[in-house]
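# Breakdown of the fold
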Amino acid sequence: MAFEPVYIIDGARSPFLKARNRPGPFSASDLATQCGRELLLRQPFAPSEFNEVILGCAAPSAAESNIGRLVALRLGCGHAVPGWTVMRNCASGMQALDSALQAIQLGRSDLVLAGGTDALSHAPLLLSDNFTHWLADWNQRKALSQRLKLLRRLRLRDLKPTIGLLKGLYDPTVGLSMGQTAEELAAQFGITRQQMDEYAVRSHQLAQAGYEQGAFDEIVPLMTPKGQLYERDDGLRPDTTLEGLSKLKAAFDRPWGNITAGNSSQVTDGAAMLILASQQAVDQYQLQPLAKIVDVQWAALDPRVMGLGPVMAASPILMRHQLGLNDLDLWEINEAFSAQVLGCLAAWQSEEWCQTHLHHAAFGALEWDRLNIHGGAIALGHPVGASGARIVLHLVNSLHQRQLQKGMAAICIGGGQGGAMLIERC
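This structure is a prediction, so every number in the text was calculated from the model and none was measured.

UniProt records the feature "active site" (unreviewed entry) at C90, H382 and C412, using the numbering of this structure. Across 323 residues in sequence, these annotated residues keep their C-alpha atoms within 11.9 Å of one another, forming a single compact spot. By secondary structure assignment, the location of C90 is in the loop between β4 (83-86) and α3 (92-105). Contact partners of C90, with chain neighbours within four places excluded, come to H382, V384, S387, G388, I411, C412, I413 and G414. The residue H382 is located in the loop between α14 (377-380) and α15 (384-401) in this model. Judged by its relative accessible area of 7%, H382 falls in the buried class. Beyond its immediate stretch of four places on either side in the chain, H382 contacts C90, L120, S265, Q266, T268, N334, A377 and S387.

Written out as structure tokens, the structure reads:
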């Protein structure tokens, strides 16, 4: 079945702000609204011309139910433009783009605002089960004597809250945190601590070089109600060294593990938004497309090795289009962990792994100068709902800046999935 092309018209993202053990200055809807407002101000059509708004978000607050609709209204799209929310963990932003793609291909929409957002610093603190039950009993007891008895039952340990984000980063089906799944990959492919730390240093160095070269033009500033301005990703550490990273202790499998805070993605707040359009919308509004989405693939695998999701999702696209890894000009693979990206590269080079899992010969080595050329989530941050949209947006802009033609954005997904999107510059 032949489909009309779907174009990426424009996009923007906020600076990614590192969570610093307290709620950050912006909620998830604040991030998406400020990012989207700047993007829409430069368009030749009114926000009310969108057919729908689709937003990925993994951890909206209780006050942001259906955050896609909330942001659509805050952006001035009007009451008549539907807004909705998708959630596919780390790929929520990419899922929003794919949902927009399908709506346009089916002829239901011509112009869609899609992307992702998350404010992970606002993840809630959860009451313990014991304290929750104690509060329920407290509310049922009205007499003073009954409540005094209840007070004697209360224990200080019951008052200790659980960090909601840690629950979200834990896979209950296999009993592992996301960091522990990265340890699994490191063990499977023999990835050393030094290799992980070297990759992390590379991410910071390339991101810093990207800033110096003007490679992050997609970033629009954020401003608080009190006038504080945020213009850059604030987790970037250009002074990161291999020696410094080597001193960090294991973060997940203590004390012997190799995954540390330094070779993992940062817990971050941020948003990324893109405008997708049909040929009809391009003609109607005289738009200048940046790129078109050529193909998309979703895949699933053992949650214990969820980090190999990019291989499972991108490989079928390569096979469908008869492409090798280095036939693509650029790759953006989200850096959940150094070991995760290195594990993907190792899997593509393994004849045994490729034959077993892909029923295909080994794809070989991906050339380093095509991969994450301006760093990734280790240096920039990983606001879960936004990352899938960010890597697509940066891939599009990088293809334009370097006058290159094709690229792949791929991402691993907690719970054992992967997503990939093949992009061609217009």
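The next point concerns helix α12 (residues 338-349). Think of an α-helix as 3.6 residues a turn; residues three or four steps apart then line up on the same face. Over its 12 residues, α12 runs 17 Å from end to end, which matches the ideal 16 Å to within 8%, given 1.5 Å per residue. Across the 12 residues that make up α12, a large majority, 10, are buried. Of the positions making up α12, those classed as buried are S338, A339, Q340, V341, L342, G343, C344, L345, A347 and W348.

Counted by the stated rule, this structure contains nine salt bridges. Where E184 meets R304, a salt bridge forms, and the shortest distance between an N and an O atom there is 3.7 Å. Placement of E184 in helix α7 (residues 178-189) and of R304 in the loop between β13 (291-300) and α11 (309-320) is noted, with a sequence separation of 120 residues between them. Since its relative accessible area comes to 34%, R304 is described here as partly exposed. Between D295 and R320 there is a salt bridge, with the nearest N and O atoms lying 2.9 Å from each other. In this pair, D295 sits in strand β13 while R320 sits in helix α11, placing the two residues 25 residues apart along the sequence. Exposure remark for D295: the relative accessible area of 15% places this residue in the buried category.

Here α3 crosses α15 at 65 degrees, and the two axes come no closer than 4 Å. In this structure, α3 uses S92, G93, M94 and L97 to contact α15, whose residues at the interface are G385, G388, A389, I391 and V392. Broken down by class, the residue content of the contact of α3 with α15 amounts to five nonpolar, four polar and no charged.

What counts and how
The residue count restarts for each chain, going from 1 along the sequence in the order it is written. Restriction of local features to residues with pLDDT of at least 70 applies here, the model being predicted, together with a cutoff of 80 or more for giving and counting side-chain atom pairs; totals for whole chains, interfaces and linings are based on all residues. Hydrogens and water are ignored here; the side-chain numbers use all heavy atoms of the structure. UniProt positions are given in the numbering used here, feature names are shortened, and annotations may be inferred rather than shown by experiment. Helix and strand labels come from DSSP, where a helix needs a run of H or I of at least four residues and a strand needs a run of E of at least two; each type is numbered from the N terminus. Whether two residues are in contact is decided by their heavy atoms, any of which lying within 4.5 Å being enough. Buried residues are those whose accessible area, probed at 1.4 Å on protein chains only, stays under 20% of the maximum for their type, while exposed residues exceed 50% and partly exposed ones sit between those limits. Any helix carries an expected span of 1.5 Å times its number of residues minus one. Definition used for salt bridges: Asp or Glu carboxyl oxygen within 4 Å of a side-chain nitrogen of Lys or Arg. Between N-to-C directions, angles cover 0 to 180 degrees, with each direction set by a line fitted to C-alpha atoms, over the stretch in contact for helices. Note on residue categories: nonpolar means Ala, Val, Leu, Ile, Met, Phe, Trp, Tyr, Cys or Pro, charged means Asp, Glu, Lys or Arg, and polar means any other residue, Gly included.

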